[in-house]
Amino acid sequence: MPETLYGPARDMMARFLGPLGIHAVSYDPRLDAGIAALLDDTTRLVWVESPGSTTLEVQDVPAIVAAAHKAGALVAADNTWASHLLFKPLDHNVDISMQALSKHAGGHGDLLMGSVAVRDEALFRGLKDTARFLGYGVSPEDCALCERGLMTMPVRMRHADATARSIMEWLSGRTEIAQLLHPSLPDHPGHTVWKRDFAGSAGVFSFVLRPELAALQSKVLGRMRLFRLGASWGGVHSLISVSDPRRDRLAPDWLKRGPVWRLSIGLEASDDLLADLSQAFDLFAEALRNGAALADAKAAE
Ligand SMILES: *Cc1c(COP(=O)(O)O)cnc(C)c1O
């Protein structure tokens, strides 16, 4: 599993599958074809998540699939960020494609559901039995909500992407930001592979804040009126979640130091979101202009 794996999936690997004798190895998501060196005849499954959670590293999925299949392992992809609209794992010979429908498909932050898609009949039977034995099920109401969400999903995703790009443009001119993370940006390490394999981008991106502003974060977040704090994404309301992904990375060499804010852009008007960010960021700007305040913040860290 890539070290950029969705956090709760990593927990499940360690605390649920581990005790059952299923051993997981965490790998650098940028290994691509180099993953071959980690595979042996005990490897059953290679998990990919591209782009990765929070830091959005793009993986060369076709190269990983080629290496895994050569070693006799299956490949599963968490395709939640892109969804079936922007990336089709099965078309790249991935064996198992999963997606949290709670995000883009549900689209309103009020649904918990996921999907698993495979081509192989025997694999399908095995997965369906496992879901039944583990007691997985979804309610008819949730299915109806998901179906309704699917009808507006392309429009919502296009809107969120366009708004995200205007917000990233604004952020790129801000001195508070150390690094913007989104594969649509030409200087993102995954940009070339993203362009080759994906039909577009989702309105979920991150930025690294300058480390000396860390102590001011909660004040700035508290000033936001439209953006809310939240770990989910793909809904109608724009959300921010704050984390420190460098803690889980083996080789965060390309990632600048500082807290990471992940933004999920919703359906609000872009000007309103920019105004909200701008008034909250005034606090950061003020601190940067005022060296003394920054020194205080640093001492408080
Ligand atoms: C949210 C998310 C999931 C799990 O979604 P839930 O339906 O909320 O459990 C899995 N993978 C990724 C990448 C996600 O962002």
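Residue numbering note: each chain is counted from 1, following its sequence as written. Only residues with pLDDT of at least 70 are given local features in this predicted model, and only at 80 or more are side-chain atom pairs given and counted; all residues enter the totals for whole chains, interfaces and linings. Note: side-chain values were computed over all heavy atoms of the structure, leaving out hydrogens and water.

K.L.:
I'd love a proper account of the overall build of the chain, names of residues and values included.
P.N.:
Counting its regular elements, the chain contains 9 helices and 9 strands. Its C-alpha atoms give the chain principal-axis dimensions of about 65 × 45 × 35 Å. The buried label applies to any residue whose accessible area, calculated with a 1.4 Å probe on protein chains only, is under 20% of its type's maximum; exposed applies above 50%, and partly exposed to all values in between. Counting over 301 residues, the chain shows a buried share of 49%. A fraction of 71% describes how many contacts in the chain between residues 6 or more apart in sequence connect residues 24 or more apart. Per-residue and other accessible areas follow the Shrake-Rupley method at a 1.4 Å probe size, with only the shown protein chains counted as cover for residues. Summed over its atoms, the accessible surface of the chain is roughly 15,200 Å², and 56% of this surface lies on carbon and sulfur atoms. Positive: Lys, Arg. Negative: Asp, Glu. His and the chain ends are not part of the count. In plain terms, the charge of a residue is placed at NZ if it is Lys, CZ if Arg, CG if Asp and CD if Glu. Here the chain carries 31 positive and 36 negative side-chain charges, and the mean point of each set is 2 Å from the other. Numbering of helices and strands starts at the N terminus; helices are DSSP runs of H or I of at least 4 residues and strands are runs of E of at least 2. Here, residues are in contact when the closest pair of their heavy atoms is within 4.5 Å.

K.L.:
Let's hear about the domain arrangement of the chain: which residues, and what values?
P.N.:
Assigned domains within the chain: domain 1 (7-140) and domain 2 (152-300). Here the limits of each domain have been adopted from an automatic or database domain assignment. Placing a centre on the C-alpha atoms of domain 1 and another on those of domain 2 gives a separation of 26 Å. Taken together, the 33 residues of domain 1 in the interface contact 37 residues of domain 2. In what follows, salt bridge is the name for a side-chain nitrogen of Lys or Arg lying within 4 Å of a carboxyl oxygen of Asp or Glu. Between the two partners, domain 1 and domain 2, sit 2 salt bridges.

K.L.:
How would you sum up the site of the ligand? Please name residues and give values.
P.N.:
The rule for a residue being near a molecule or strand is that one of its heavy atoms must lie within 4 Å of it. In the vicinity of the ligand, the contacting residues are Y6, E49, S53, D78, T80, A100, S102, K103, L112, M113 and W233. Counting of polar contacts relies on pairs of N or O atoms within 3.5 Å, with two restrictions inside protein: one atom must be capable of donating a hydrogen and the other of accepting it, and residues adjacent in sequence are counted only when both atoms are side-chain atoms. Within the side chain of D78, one N or O atom sits 2.6 Å away from a nitrogen atom of the ligand. In this structure, an oxygen atom belonging to the ligand sits 2.7 Å away from a side-chain N or O atom of K103. Surface burial for the ligand is 79%, taken as the share of its 380 Å² of free accessible area covered by protein chains. Counted by class, the shell around the ligand contains 5 nonpolar, 3 polar and 3 charged residues. For this classification, Asp, Glu, Lys and Arg are treated as charged, while Ala, Val, Leu, Ile, Met, Phe, Trp, Tyr, Cys and Pro are nonpolar and the rest, including Gly, are polar.

K.L.:
How would you sum up the sheet that holds strand β3 (residues 96-100)? Please name residues and give values.
P.N.:
In this description, strands pair whenever DSSP reports at least two bridges between them. Ordered in space as β1-β2-β3-β4, the 4 strands form an open sheet in which the pairing is mixed. Lying at the two open borders of the sheet, with one neighbouring strand each, are β1 (45-49) and β4 (114-118). On average, adjacent strands in this sheet sit at an angle of 20° to one another, irrespective of strand direction. Pairing of strand β2 (residues 74-78) with β3, which is carried by 3 bridges, proceeds in the parallel orientation. Axes here refer to lines fitted to C-alpha atoms; in helices the fit is confined to the stretch in contact. Angles between the N-to-C directions go from 0 to 180 degrees.

K.L.:
Before we move on, could you go through the layout of surface pockets and cite the residues and values that matter?
P.N.:
In this analysis a 1.4 Å probe is tested at points of a 1 Å grid over the protein atoms alone, and where it fits but cannot get out there is a cavity; an open set with protein on both sides within 12 Å along at least five of seven lines is a pocket; lining residues have an atom within 4 Å of a point. Grid points are joined across faces, edges and corners, and a volume is the space filled by probe spheres set on the points. In this structure, the second largest pocket occupies an estimated 240 Å³ of space. Sorting the residues of the lining of the second largest pocket by element identifies β3, β4 and α5 (140-172) as the ones contributing at least two each.

K.L.:
An account of the side chain of T163 is needed here, citing residue identities and associated values.
P.N.:
The topology assignment puts T163 in helix α5. Using a relative accessible area of 4% as the deciding quantity, one classes T163 as buried. Beyond its immediate sequence surroundings of up to four residues, T163 is in contact with I265, S270 and L273.

K.L.:
How would you sum up empty space enclosed by the protein? Please name residues and give values.
P.N.:
If you roll a probe as big as a water molecule over the atoms, it shows you where there is empty space left. For the structure shown, the criterion picks out 1 cavity of 30 Å³ or more. As for the largest cavity, its lining consists of H104, R156, M157, A160, A202, G203, V204, G234, G235, I265 and L267. When residues of the lining of the largest cavity are assigned to their parent elements, the largest contribution, 3 residues, is made by α5. Here the residues of the lining of the largest cavity are counted per class, giving 6 nonpolar, 4 polar and 1 charged.

K.L.:
How would you summarise the environment of L216 if you had to cite specific residues and measurements?
P.N.:
Within the fold, L216 resides in the loop between β6 (204-209) and α7 (217-222). For L216, a relative accessible area of 15% gives the class buried. C-alpha separation for the pair L216 and L45, spaced 171 residues apart in sequence, amounts to 43 Å. In this structure L216 touches L283, F284 and A287, once residues within four positions along its chain are discounted.

K.L.:
Please provide a residue-by-residue account of the pairing of β3, values included.
P.N.:
Along a regular strand, successive side chains alternate from one face of the sheet to the other. Here β3 lies mainly inside the structure; 4 of its 5 residues are buried. Direction of pairing for β3 relative to β4: antiparallel, over a ladder of 5 bridges. Its bridge partner being in β4, M98 is matched across the sheet by V116.

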